[in-house]
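Descriptive analysis of the structure
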Amino acid sequence: MEKKLTIFSGIKPSGRFTLGNYIGAVKNWQEMQSRYNSIFSVVDLHALTVDINPDELRENIYAAIANLIACGLDPNKSTIYCQSHISGHAELGWLLNCITWFGEAGRMTQFKDKSRKGAQVSVGLFDYPVLMAADIMLFDAALVPIGEDQRQHVELSRTLAVRFNNKYGNTFVVPEGYFPKLGAKIYDLQEPTKKMSKSDADASGCVLLEDSPEVIRSKIKRAVTDSDGKIVFSKDKPGVSNLLTIYCTLTNKTPKQAEEYFGGKGYGALKNEVADAVIATLAEPQEIFKRLMNDKAELDRLAKLGAEKLQKQACAKLAVVKQKMGLI
């Protein structure tokens, strides 16, 4: 039987999941988990690169595990675990630091943006992309399902894998980014040229997976569109296109089918249909999430189970890497 390719992706426990997290990431992971050897990590070490209260971080980690499972990741089909539970991530990160050039790390967008704003930036944030490369390379992931904003980080992973292989001999799979054709990036409902984010000051632009049906409908009803009334996908209609993207990804319609369906209808009809699709999609995940968050022992068990499945593989890969680099 042909061996399945490995896919790896991680999600940072920085708070509650948004509709953008679901459509841009977790929905795609759920659809891929039967076709690939699927590994999904709650990347809690990455969450430490910014100042966060320990109790808040702990709750966010539980919420991330619960949301992954609630949104359709099956622990019997996918391996779900916490990054910090496998020390090989940090260890490989250090080894890769030693073949990463300072200029390469300094060009990473997240670090540049925060440095430019004059914020206090930790060494951890500077080194974030190298640890992300270690996350991917530790398990020989061939595909990394990600959003467009993470393309630069996957490119660094590819660069480091090729560099290591050329210097020390073939060791790592060179990963490729996997980008969904539709829905890779969901935009803010109030500022549809900006990615949907729960950290924005205006909360009405972001739909959270835990929002009630009433709140979801209210946020979508107030979504920014434009004045010409035409429901079509177009770069110069970002608000309408964003709503259509949400609708298509949740109803499995193509953009052309959606345009035909909404032909002659107004923006009010579009917003009602989008709200209906979001509310229907999130109903079951919301129930599962509530149940899991009330059973932290079960979340602990699932995280431990996932880490135990991967520990031997991580140790074996590190042993090969250290031997090739000259360590005894």
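Quick caveat, the model's predicted, so the values are computed rather than measured.

In terms of nonpolar packing, the biggest core is built from 62 residues, with Val26, Leu68, Ile220, Ile246 and Val278 touching the most fellow members. If you tally residues by element for this core, the top one is helix H12 (residues 267-293), at 11 residues. Apart from the residues within four sequence positions on either side, isoleucine 220 is in contact with Leu189, Val207, Leu243, Lys271, Val274, Ala275 and Val278. Counting residues in each nonpolar core, the second largest holds 31 residues, with Ile86, Met108, Phe164 and Ala314 among its members.

Further remarks concern the side chain of threonine 49. Along the chain, the position of threonine 49 falls in the loop between helix H2 (44-47) and helix H3 (54-70). Its relative accessible area of 12% is what places threonine 49 among the buried residues. Those residues within four positions of threonine 49 in sequence are excluded, and the remaining contacts are Ser122, Gly124, Leu125 and Tyr128.

Counting buried positions along strand E2 (residues 37-42) yields five of six residues, so the element is predominantly enclosed. Inspection of the sheet shows strand E1 (residues 6-11) paired to E2 by six bridges, in the parallel sense. If you follow isoleucine 11 over to E2, its bridge partner there is valine 42. Pairing geometry for E2 and strand E3 (residues 78-82), over five bridges, is parallel. Its bridge partner lying in E3, phenylalanine 40 is registered against isoleucine 80.

Criteria and cut-off values
- Residues numbered from 1 in each chain as written.
- Predicted model: local features only at pLDDT ≥ 70, side-chain atom pairs only at ≥ 80, totals over all residues.
- Heavy atoms only, no water.
- Core = buried A, V, L, I, M, F, W, Y, C linked by side-chain atoms within 4.5 Å.
- Buried < 20%, exposed > 50% of the residue type's maximum accessible area, 1.4 Å probe, protein only.
- Helix = DSSP H or I, 4+ residues; strand = E, 2+ residues; numbered from the N terminus.
- Contact = heavy atoms within 4.5 Å.
- Pairing = 2+ DSSP bridges.

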